[in-house]
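Summary of structural features
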Amino acid sequence: IIDTYIRKDIRDIGNIRSLDKFNKLVETISSQSGSLINVKELSNTCDLSAQTINEYLFLLEETYIITHVRPWSSNIRSELFKTPKIYMNDTGLMQLLWLKSLQKEVLGSVFETSVFTELTKKYGRKNIRYWRTKDKQEIDFILREGNEATSIEVKLNFARFKEKPFEIFEKRYHVKKKFFIALGGQRTRSIDTYPWEI
């Protein structure tokens, strides 16, 4: 996939002017899966204009390499303009581009990305949001199911779970359904969930 799509075919598909800079952008994005998009930072890192970065991000999403995740908001207008997160759609591709190999141990960002890909398979990309306040209280995923919502936090270990973001989100939006997804550690709460249980 890397050799045929990233390094060759994309040049024709998207009329890429500088393939080296495009490849650097894709490698940079792969190391930031699950992070807020910072176009200015990407522009400086890859020596591309902000407009070109946005064009390439659009191309990558339309060819299913990445997905933008919008912030949760009760106001549709503000939701459209707030900074999105970005996720790679394939954790194998993500690791090979970022780390040049598949890792023997599961990394936090890879685990979060893998949970994201499973959620999108089941519920669709448009039904997944994230939530973050100005003081950096954050929940990884807010899943829309009709008129209902579910908050989901992902960490490698159950011991790293923090209750405060859930409490604030529940109080603000009256969303009580929640899950904390992890691989290791002691399950001590009813909301503690293994990824295969979602």
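Basis of the calculations
Residues numbered from 1 in each chain as written. Predicted model: local features only at pLDDT ≥ 70, side-chain atom pairs only at ≥ 80, totals over all residues. Heavy atoms only, no water. Buried < 20%, exposed > 50% of the residue type's maximum accessible area, 1.4 Å probe, protein only. Helix = DSSP H or I, 4+ residues; strand = E, 2+ residues; numbered from the N terminus. Pairing = 2+ DSSP bridges. Contact = heavy atoms within 4.5 Å. Axes fitted to C-alpha atoms, helices over the stretch in contact; angles between N-to-C directions. Phe/Tyr/Trp six-rings, centres within 6.5 Å; stacked < 30°, edge-to-face > 60°. Salt bridge = Lys/Arg side-chain N within 4 Å of Asp/Glu carboxyl O.

1. A closer look at the pairing of strand 2 (residues 66–69)
Neither face of strand 2 is left uncovered, since the one carrying Ile66 and His68 and the one carrying Thr67 and Val69 both have all their residues buried. Of the strand pairs in this sheet, strand 2 and strand 3 (residues 85–88) are connected by four bridges, and their pairing is antiparallel. Counterpart to His68 in the pairing with strand 3 is Ile86.

2. Observations regarding the sheet that holds strand 3
A sheet is described by the order of its strands in space; here three strands give the open sequence 1-3-2, paired in antiparallel fashion. Since the sheet does not close on itself, it has two edges, and those belong to strand 1 (35–36) and strand 2, each with one partner. The strands touched by helix 4 (residues 50–62) are strand 2 and strand 3; relative to strand 2, the strand with the most contacts, the crossing angle is about 110°.

3. As for the packing of aromatic side chains
Enumeration according to the criterion identifies 13 aromatic pairs in this entry. Arranged with centres 5.9 Å apart and planes meeting at 65°, the rings of Phe158 and Phe180 form a pair that is edge-to-face. Taken together, the residues Phe158 in the loop between strand 6 (148–154) and helix 8 (164–173) and Phe180 in strand 7 (residues 178–181) connect sequence positions 22 residues apart. For Phe180, a relative accessible area of 0% puts it in the buried group. Measuring from centroid to centroid gives 4.6 Å for Phe161 and Phe180, while their planes differ by 50°, and the two rings are tilted. Taken together, the positions of Phe161 in the loop between strand 6 and helix 8 and Phe180 in strand 7 put the pair 19 residues apart, joining distant regions of the chain. Here Phe161 matches Phe180 in class, with each residue buried.

4. Digging into the sheet that holds strand 5 (residues 138–145)
To summarise the sheet geometry, strands pair through backbone hydrogen bonds and adopt either a parallel or an antiparallel arrangement. Here five strands make up an open sheet; going across it, the order is 4-5-6-7-8 and the pairing mixed. The open sheet has two edge strands with one neighbour each: strand 4 (128–132) and strand 8 (192–193). Relative to strand 8, strand 7 is paired through two bridges, and the arrangement is parallel. Paired with Phe180 across the two strands is Asp192, which belongs to strand 8. The sheet contacts of helix 7 (residues 108–123) involve strand 4, strand 5, strand 6 and strand 7, and relative to strand 5 the element is tilted by about 10°.

5. Examining the pattern of salt bridges
For the structure shown, the criterion picks out twelve salt bridges. Residues Arg125 and Glu61 are paired through a salt bridge, measuring 3.9 Å at the closest nitrogen-oxygen approach. Of the two residues, Arg125 is situated in the loop between helix 7 and strand 4 and Glu61 in helix 4; the sequence distance between them amounts to 64 residues. Its relative accessible area of 34% is what places Arg125 among the partly exposed residues. A salt bridge links Arg187 to Glu197, with the shortest nitrogen-to-oxygen separation between them at 3.3 Å. Residue Arg187 is found in the loop between strand 7 and strand 8, and its partner Glu197 is found in the segment after strand 8; the two are separated by ten residues along the sequence. For Arg187, a relative accessible area of 33% gives the class partly exposed. Note on Glu197: relative accessible area 44%, which makes it partly exposed. One network of salt bridges, with partners in common, ties together Lys85, Arg132 and Glu138.

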